[in-house]
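# Topology and contacts: notes
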Amino acid sequence: MKSADIKKIRKSMEKNLDHKRFEHTLGVAYTAAALAMRYEVDILKAQTAGLLHDCAKCLSDEKRLSICEKHNIQMNEIEHNNPFLLHAKVGSYIAMKKFQIHDKDVINAILNHTTGRPGMSSLEKIIYIADYIEPGRKQAPNLAEIRKLAFQDLDLALVKILSDTLDYLKTTNTDIDPMTQQTYDYYKEFIK
Ligand code: DGI
Ligand code: FE
Ligand code: FE
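Notes on the structure follow. All values derive from a computational prediction rather than experimental measurement.

Inspection of every chain in the model, using the stated rule, returns three aromatic pairs. Taken together, a centroid distance of 6.0 Å and an interplanar angle of 15° make the contact between Tyr186 and Phe190 stacked. With Tyr186 and Phe190 both in helix H11 (residues 178-190) and four residues apart, the pair spans about one turn of that helix. Exposure remark for Phe190: the relative accessible area of 47% places this residue in the partly exposed category. Both rings, one in Tyr187 and one in Phe190, keep their centres 5.7 Å apart while their planes meet at 70°; by these two values the pair is edge-to-face. You can see Tyr187 and its partner Phe190 sitting in helix H11, three residues apart, about one turn around the helix. By relative accessible area, which is 1% here, Tyr187 ends up buried. In this structure an aromatic cluster arises from ring pairing among Tyr186, Tyr187 and Phe190.

Attention now goes to the packing of helix H3 (residues 43-52) against helix H7 (residues 104-111). The interhelical angle for the contact between H3 and H7, taken along N-to-C directions, is 35°, at an axis separation of 9 Å. For the element pair H3 and H7, the recorded crossing hand is right-handed. In contact with Lys45, Thr48, Ala49 and Leu52 of H3, H7 contributes Val106, Ala109 and Ile110. Among the residues forming the contact of H3 with H7, the class breakdown is five nonpolar, one polar and one charged.

Now for the coordination of the iron ion (ligand 3). For a metal bound by four donors in tetrahedral geometry, the ideal donor-metal-donor angle is 109.5 degrees, whereas six donors in octahedral geometry ideally sit at 90 or 180 degrees. Taken together, His24 (NE2), His53 (NE2), Asp54 (OD) and Asp131 (OD) make up the protein donors of the iron ion (ligand 3), found 2.1 to 2.2 Å from the metal. Counting gaps between the donor residues of the iron ion (ligand 3) yields the pattern H-x28-H-D-x76-D. In this structure the iron ion (ligand 2) is found 3.5 Å away from the iron ion (ligand 3), and Asp54 serves as a bridging donor for the pair. With Asp54 in the loop between H3 and helix H4 (61-70) and Asp131 in helix H8 (residues 122-133), this residue pair connects regions lying 77 residues apart in the sequence. Residue Asp131 is classed as buried on the basis of its relative accessible area, which comes to 10%.

About the criteria used
- Residues numbered from 1 in each chain as written.
- Chains lettered and ligands numbered in written order.
- Predicted model: local features only at pLDDT ≥ 70, side-chain atom pairs only at ≥ 80, totals over all residues.
- Heavy atoms only, no water.
- Phe/Tyr/Trp six-rings, centres within 6.5 Å; stacked < 30°, edge-to-face > 60°.
- Helix = DSSP H or I, 4+ residues; strand = E, 2+ residues; numbered from the N terminus.
- Buried < 20%, exposed > 50% of the residue type's maximum accessible area, 1.4 Å probe, protein only.
- Axes fitted to C-alpha atoms, helices over the stretch in contact; angles between N-to-C directions.
- Left-handed = near helix turned anticlockwise from the far one by under 90°.
- Contact = heavy atoms within 4.5 Å.
- Nonpolar A, V, L, I, M, F, W, Y, C, P; charged D, E, K, R; others polar.
- Donors = N, O, S within 2.8 Å, 3.2 Å for Na, K, Ca; no water.

In C-alpha cells:
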C-alpha cells in the first residue's frame, strides 16, 4: 500500500461516484485515518479501505446483481431482495479485481462495512465506525456522543452504532440482515 496508489484510487472514485458519495468517501477516508492514528492501525490501509468502501454504491441494483451472478458471489435472500446491501460484497470484489487490493484486512473492511460481523479486526471496526461518524453525516441520533466515544473505545462505539441502527431499521419496513443482529448480539456480550 503506497500513497501514490491512494491518489489513484481517489481520482477513480471522483470519476465514478456521484458528488455527494465522493464527499462522503473522503470523509470516511480521513476519519478512518484519524482513528487509525489513535488505535495504532496502518494509516494507508485505513485510507485505502475508506476510499474504496462504497465503490459499488453508484451502480444500479441490476448491475450489482449481475456482477454477483456472473462471478458466483453468494447472496442471501435479504441481499437478493435489498440489492443495495450488496454494495459491500460487490465493492470488495471490485477492490480486488479492478484495484488489485490483495490485503485481506482491507478487503474484509470493505466487505463487512454495512452489517459488521462478529470478530472484526481493528481496521474493520474503524471503517464501520468512520462510515457512521464522518463529518458529512448529519441524520443519526446521538452523533456527538458517538463521535467522542469512537476515539475513546472502539467496541463501545460499535455497540452504540449497531443498537441505533437496529432501532432505526425496526421503524422502517426493510428486512434486517441477520448479520447486523448477530454483530450486535456478539459485541453487546463482548463489552460486558
Ligand atoms: O453506504 P452508506 O450509506 O455510506 O452506509 P452503509 O453501507 O453502512 O449503509 C447504511 C445503511 O444500511 C443504513 O441506512 C442502515 C442500513 N443497514 C444496515 N444494516 C442493515 C441495513 N439495511 C437493511 N435493510 N438491513 C440491514 O441489516
Ligand atoms: Fe456503504
Ligand atoms: Fe459509506
